[in-house]
Amino acid sequence: MKYTKQDIIRMVEEEDVEFIRLQFTDMFGTLKNVAITKSQLEKALDNRCMFDGSSIEGFVRIEESDMYLHPDYDTFVIFPWRPQQGKVARIICDIYCADGTPFEGDPRYILRKEIQRAAEMGYTFDVGPECEFFLFHTDDNGQPTTISHEKAGYFDLGPVDLGENARRDMVLTLEDMGFEIEASHHEVAPAQHEIDFRYDEALKTADNIMTFKLAVKTIAKRHGLFASFMPKPRSGVNGSGMHINMSLSRDGKNIFADEEGELGLSQEAYYFIGGVMKHMRGMTAITNPLVNSYKRLVPGYEAPIYIAWSATNRSPLIRIPATRGEGTRVELRCPDPAANPYLALAVCLAAGLDGIANKIMPPEAVKENVFEMRLSRKAKLGIKSLPEDLAEALHELEQDTYITSVLGSHITEKYVEAKRAEWNTYRTQVTGWEIDNYLYKI
């Protein structure tokens, strides 16, 4: 879709749009917006809409706070869930400084830079995400709980799947907004769901993930439910992941596919895997950004822990799904839906490009179940683990100068500072588990 300024002005008139939300994403993947009426639309489309950057965490100090929103015309969409008179639309924006330069702390800019680098190497980066979430009840005040009366499991259907109606509405709403939904189903844990939409070029996919979360939360609320993208909201059941399926194309042709290659994979595909594996420990603080993310990355709940790859089983970090030809792709299984999609896709692409540029071959594929492998066997194969907690992940991020150079000094510094504060707040808590296990003994 390629819109011009005139297209948007015309659509706003014809569709009776009254409010336009100018959206952007902060460093942590939280959607923000400035709402304008249609009388201000032309000004906004001319990049003259200003906001206070100092009020957004991780952006800028008060003395340099004037920032400008540059709308990306192609992201214009009308919200189907808003009133039909005086409709509400949105446009996703890039953030610029007062001097007209792109803002270094804008996650969308970080991804744009990597996409540009890929383009200079002749590649287009295509990504298909698998977004999981929970649907919980709300309390009498409308606040979210972790309660669900549902006991459905993988691929179950109604009436056992109590979220089926809400999920159907979500799919229809997303389709109204231009998504091509490939599948939706109940996931392994009670009240857990997955909706998969078609892969697209990376920037579009990152925008789609942000739109997806907003639509899912909005429709859940209409059904009296709360949609949570928290990686591990309940102990004892599977957490929610956001697997990322990646491929590179050149001149419209998937370059990961090679009929003559081992496993039907090209040399570039192997190098891409090698690059991701090399930088994985440094990337984890981005792909798994919360204290809670690491409660999901534990043995026994299908989430990957070990940095290995396979074309045959689902236990390693990187899986090559069975489809070949144009559908050949590399699936990274550790990211979770709390990740900022712009930063997560940027570091994944950067790591893969490093693998291609420096011809980094991955170790041999693992055919057996990594979870059941003995420690000595893992050591012999050189299989490392993902960081075990956020503190370790932040340390690994700081050590990986290639990944920090991709993020840039502004985001690296602010992100690590904020996440370290999050970790320190967490580790000073005394939990119910500690009281239950230690108070009476000691």
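As the structure is a prediction and not an experimental result, all values here were calculated from the model.

Chemist: Help me get a handle on the overall build of the protein chain, residues and values and all.
Modeler: What the protein chain contains, in helices and strands, is twelve helices and 18 strands. Relative to a compact globule of 442 residues, whose C-alpha radius of gyration would be 22 Å, the protein chain shows 22 Å and is just as compact. Based on the C-alpha atoms only, the size of the protein chain along its principal axes is roughly 70 × 55 × 45 Å. For the protein chain, the proportion of its 442 residues judged to be buried stands at 53%. For the protein chain, restricting intrachain contacts to residue pairs at least 6 apart in sequence, the fraction spanning at least 24 positions comes to 70%. Roughly 20,400 Å² of accessible area belongs to the protein chain as shown, and the carbon and sulfur atoms make up 49% of that amount. If the 50 positive side-chain charges of the protein chain are averaged to one point and the 67 negative ones to another, these points end up 3 Å apart.

Chemist: Can you tell me about the side chain of Thr287, naming the residues and giving the values?
Modeler: Following the sequence through the fold, Thr287 ends up in helix 6 (residues 267–287). Note on Thr287: relative accessible area 0%, which makes it buried. Contact partners of Thr287, with chain neighbours within four places excluded, come to Met280, Cys334, Pro335, Asp336 and Ala339.

Chemist: Could you give an account of the confidence of the model for the protein chain, naming the residues involved and the relevant values?
Modeler: On average, the protein chain scores 88 in pLDDT, and the residues at 70 or more come to 91%. Here helix 9 (residues 375–381) is the element of the protein chain with the lowest mean pLDDT, 66, and helix 8 (residues 341–357) is the one with the highest, 97.

Chemist: Give me the lowdown on the pattern of salt bridges, citing residues and values where you can.
Modeler: In this structure the tally under the stated criterion is 21 salt bridges. Among the ionic pairs, Arg108 bridges to Asp94, the shortest N-O distance being 3.0 Å. Of the two residues, Arg108 sits in helix 3 (residues 107–120) while Asp94 sits in strand 6 (residues 87–97), which places them 14 residues apart along the sequence. In this structure, Arg108 and Asp94 share a single accessibility class: buried. One salt bridge connects Arg198 with Glu180, and the closest N-O pair in it is separated by 3.8 Å. Here Glu180 lies in the loop between helix 4 (164–176) and strand 8 (181–186) and Arg198 lies in the loop between strand 9 (192–197) and strand 10 (200–201), a separation of 18 residues in the sequence. Looking at Glu180, the relative accessible area reads 48%, which means it is partly exposed.

Chemist: Tell me about helix 11 (residues 401–427), residues and numbers included.
Modeler: When the terminal C-alpha atoms of helix 11 are compared, their 27 Å separation across 27 residues is substantially less than the 39 Å that a helix rising 1.5 Å per residue should span. Its maximal kink placed at Gly408, helix 11 deviates by approximately 110°. Every buried residue of helix 11 is accounted for by Ile403, Thr404, Val406, Leu407, Gly408, His410, Ile411, Thr412, Tyr415, Val416, Lys419 and Trp423. Summarising the contacts, the buried residues of helix 11 are in contact with helix 3, helix 6, helix 8 and helix 10 (390–399).

Chemist: So, the packing of aromatic side chains: which residues are in play, and what are the values?
Modeler: Enumeration according to the criterion identifies 15 aromatic pairs in this entry. Residues Phe133 and Phe229 carry aromatic rings whose centres are separated by 5.6 Å and whose planes lie at 45° to one another, so their mutual orientation is tilted. Of this pair, Phe133 sits in strand 7 (residues 124–137) while Phe229 sits in the loop between strand 11 (225–228) and strand 12 (242–250), and the two are 96 residues apart along the sequence. When its relative accessible area of 0% is taken as the criterion, Phe133 is described as buried. Taken together, a centroid distance of 5.1 Å and an interplanar angle of 90° make the contact between Phe179 and Phe197 edge-to-face. With Phe179 in the loop between helix 4 and strand 8 and Phe197 in strand 9, this pair connects stretches of sequence that are 18 residues apart. Judged by its relative accessible area of 9%, Phe179 falls in the buried class. Among the aromatic residues, ring-to-ring pairing joins Phe133, Phe179, Phe197, Phe212 and Phe229 into one connected group. When the ring centre of Tyr199 is taken as origin, the NZ or CZ atom of Arg198, which lies over that ring, is 4.5 Å away.

Procedures and definitions
Residues numbered from 1 in each chain as written. Predicted model: local features only at pLDDT ≥ 70, side-chain atom pairs only at ≥ 80, totals over all residues. Heavy atoms only, no water. Helix = DSSP H or I, 4+ residues; strand = E, 2+ residues; numbered from the N terminus. Rg over C-alpha atoms; globule rule 2.2 N^0.38 Å. Buried < 20%, exposed > 50% of the residue type's maximum accessible area, 1.4 Å probe, protein only. Contact = heavy atoms within 4.5 Å. Areas by Shrake-Rupley, 256 points an atom, 1.4 Å probe, with all protein chains shown as cover. Lys, Arg positive; Asp, Glu negative; His and termini not counted. Charge placed at Lys NZ, Arg CZ, Asp CG, Glu CD. pLDDT = per-residue confidence, 0-100. Salt bridge = Lys/Arg side-chain N within 4 Å of Asp/Glu carboxyl O. Expected span 1.5 Å × (residues − 1). Bend = angle between axes of the 7 residues up to and from the residue. Phe/Tyr/Trp six-rings, centres within 6.5 Å; stacked < 30°, edge-to-face > 60°. Lys NZ or Arg CZ within 6 Å of the ring centre and 35° of its normal.

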